[in-house]
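Notes for the structure review
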Amino acid sequence: MTMEKAQVTTPSDRDVKVTRSFRAPRALVYRAYTEPQLVKRWLPGVPGWTMPVCEMDVRVGGRYRWRWRGDKDASEFGFAGTFREVQPLSRLVHTETYDPRTLGDAPPQNEALVSVTFTEDGGITTVTTLIDFGSKEARDAAVATGMTDGMEQSYQLLDTLL
């Protein structure tokens with residue numbers, strides 16, 4: 001069963017906060033966020049895109065690399081970064097750098113810092129993602145891409161997977 005859509009707020013000039021709940025135990029949701037074979041099944045989100053690259057070394061200092069490809073024209077984009085904090089079942093913190101690949105010029109941005117927390121109450125796991133873009137300009141450029149709509153589409157796939 002699909003949960004309510006993600007709640008999106010901007011708690012500061014440089015942050016976006018996305019909160020979404022899932023009808024599943026925290027351990028399962030955490031696995032879906034940290035095991036590449038599961039991530040590839042829900043993170044592509046938007047129809048017409050696949051995720052041919054999903055490399056993740058989920059440990060402090062470990063790196064990740066994600067790349068999406070459009071089915072129609074083989075356009076590509078991706079993200080990469082380093083895990084700064086890994087608290088199994090409860091918290092992940094990683095850097096995030098956008099790679100525009102064939103989509104053209106990237107909007108001006110700094111390296112973002114992404115903090116994801118997982119809490120469970122009565123079999124419902126709430127995931128709170130706080131993205132610090134480093135500046136208002138970078139945050140606004142990211143939001144203008146439809147980023148949070150894409151996140152919700154991915155979350156709906158995660159609902160199905162869970």
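The following refers to the structure shown. Remember, it's a predicted structure, so these values are computed and weren't measured experimentally.

Let us look at the packing of aromatic side chains. Applying the stated criterion to the full structure yields 14 aromatic pairs. Taking the centre distance of 5.4 Å and the plane angle of 70° together, the rings of Trp-49 and Phe-77 count as edge-to-face. With Trp-49 in strand 3 (residues 49–56) and Phe-77 in strand 5 (residues 76–87), this residue pair connects regions lying 28 residues apart in the sequence. For Phe-77, a relative accessible area of 17% puts it in the buried group. Cluster of aromatic residues (ring-pair linked, three or more members): Trp-49, Tyr-64, Trp-66, Trp-68, Phe-77, Phe-79, Phe-83 and Tyr-98.

Attention now moves to the pattern of salt bridges. Throughout the structure, instances matching the rule amount to 12 salt bridges. Linking Glu-152 and Arg-20 is a salt bridge whose minimum nitrogen-to-oxygen distance equals 3.1 Å. Taken together, the residues Glu-152 in helix 4 (residues 147–161) and Arg-20 in strand 2 (residues 15–22) connect sequence positions 132 residues apart. Residue Glu-152 shares its accessibility class with Arg-20, and that shared class is buried. For Arg-69, the salt bridge is made with Glu-76, and the minimal N-O distance between the two is 2.6 Å. Among the residues examined, Arg-69 registers a relative accessible area of 29% and is labelled partly exposed. It is possible to trace a salt-bridge network through shared partners that takes in Arg-20, Glu-152 and Asp-159.

Rules of the game
- Residues numbered from 1 in each chain as written.
- Predicted model: local features only at pLDDT ≥ 70, side-chain atom pairs only at ≥ 80, totals over all residues.
- Heavy atoms only, no water.
- Phe/Tyr/Trp six-rings, centres within 6.5 Å; stacked < 30°, edge-to-face > 60°.
- Helix = DSSP H or I, 4+ residues; strand = E, 2+ residues; numbered from the N terminus.
- Buried < 20%, exposed > 50% of the residue type's maximum accessible area, 1.4 Å probe, protein only.
- Salt bridge = Lys/Arg side-chain N within 4 Å of Asp/Glu carboxyl O.

Fair warning: the whole summary comes from geometry, so function is off the table for now.
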